[in-house]
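# Overview (structure and organization)
Each chain is listed here by its residues.
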Amino acid sequence: MTESPPLLPAPDELTSFFWEAARRHELMIQRCSACGTYQHPPEPVCHSCLSFDLGGAEVSGRGTVYSYTMATQAFHPSFADKLPFCIAVVELDDRPGLKLLTNIVDLPADGVNVGDPVEVCFRALSDEIDLPVFRLVRA
Ligand SMILES: [Zn+2]
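Below or above, wherever it landed, is the structure these notes cover. (Residues numbered from 1 in each chain as written. Predicted model: local features only at pLDDT ≥ 70, side-chain atom pairs only at ≥ 80, totals over all residues. Heavy atoms only, no water.)

This part covers the overall build of the chain. A tally of regular secondary structure across the chain gives 1 helix and 8 strands. Listing each helix as α and each strand as β along the chain from the N terminus yields α-β-β-β-β-β-β-β-β. In terms of overall size, the chain behaves like a compact globule, its C-alpha atoms giving a radius of gyration of 16 Å where 139 residues would be expected to give roughly 14 Å. If one aligns the C-alpha atoms of the chain with their principal axes, the spans along those axes are about 50 × 35 × 25 Å. Evaluated residue by residue, the chain yields a buried proportion of 35% over its 139 residues. Excluding contacts between residues fewer than 6 apart, the proportion of contacts in the chain whose partners are at least 24 apart in sequence is 51%. Accessible surface, the chain as shown: approximately 8,300 Å² in total, 53% of it carbon and sulfur. Taken together, the 10 basic and 19 acidic charged side chains of the chain have centroids lying 4 Å from each other. (Helix = DSSP H or I, 4+ residues; strand = E, 2+ residues; numbered from the N terminus. Rg over C-alpha atoms; globule rule 2.2 N^0.38 Å. Buried < 20%, exposed > 50% of the residue type's maximum accessible area, 1.4 Å probe, protein only. Contact = heavy atoms within 4.5 Å. Areas by Shrake-Rupley, 256 points an atom, 1.4 Å probe, with all protein chains shown as cover. Lys, Arg positive; Asp, Glu negative; His and termini not counted. Charge placed at Lys NZ, Arg CZ, Asp CG, Glu CD.)

All right, on to the coordination of the zinc ion then. Looking at the metal site, the zinc ion is ligated by Cys32 (SG), Cys35 (SG), Cys46 (SG) and Cys49 (SG), spaced 2.3 Å from it. In this structure, the zinc ion is coordinated by 4 donor atoms arranged in tetrahedral fashion, with angles at the metal of 106 to 112 degrees. Written as a sequence motif, the donor residues of the zinc ion are C-x2-C-x10-C-x2-C. Of this pair, Cys32 sits in strand 1 (residues 28-32) while Cys46 sits in the loop between strand 2 (38-39) and strand 3 (54-58), and the two are 14 residues apart along the sequence. (Donors = N, O, S within 2.8 Å, 3.2 Å for Na, K, Ca; no water. Tetrahedral: all angles 85-135°; square planar, octahedral: opposite > 155°, others 65-115°.)

Time to look at the environment of Asp106. Inspection of the secondary structure assignment puts Asp106 in the loop between strand 6 (99-104) and strand 7 (117-124). If we ignore the near neighbours within four places in the chain, the residues touching Asp106 are Arg123, Arg135 and Arg138. At a separation of 3.2 Å, a polar atom in the side chain of Asp106 contacts the side chain of Arg123. (Polar contact = N/O pair within 3.5 Å; in protein donor to acceptor, adjacent residues only side chain to side chain.)

Once that is clear, we can look at the nonpolar core. Core analysis: the largest hydrophobic core is formed by 26 residues, its most contacted members being Leu27, Ile29, Leu92, Ile104, Val118 and Phe134. When residues of this core are traced back to their parent elements, those giving at least two are helix 1 (16-23), strand 1, strand 5 (85-92), strand 6, strand 7 and strand 8 (130-136). The dominant element in this core, judged by the number of residues it contributes, is helix 1, at 5 residues. Setting aside residues up to four positions removed in sequence, Leu27 forms contacts with Phe18, Ala57, Glu58, Val59, Gly61, Leu92, Leu100, Val120, Phe122, Pro132 and Phe134. (Core = buried A, V, L, I, M, F, W, Y, C linked by side-chain atoms within 4.5 Å.)

See the structure below:
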């Protein structure tokens, strides 16, 4: 089978702050300069106060597993050598309801549970792109 190049995000005007921060191994989330609300994914307008004055702000990188599934089938050839892997929704500690679709990595043998505490870490996908992912925080 031929090697398939990885699917990579394409940073644009709205999302480049997120990917530039990830290259520095920082998690930045879009934050409204007018009312302080964090929101993700980035949008042109604040969901809370409708301001267009938005920027990126570094967050704690800590959260809890809100939901997850284990991928056992590769829906793109570039994922074939990563199976099985965990796709999760993580709710960040910085604001109730602030959620990120991500992966949980370095899973222990007994797996992951909803409500488990997690922290951000980063995986290089290419020379340009580091992906924010999460791992379990052990007590
Ligand atoms: Zn706002």
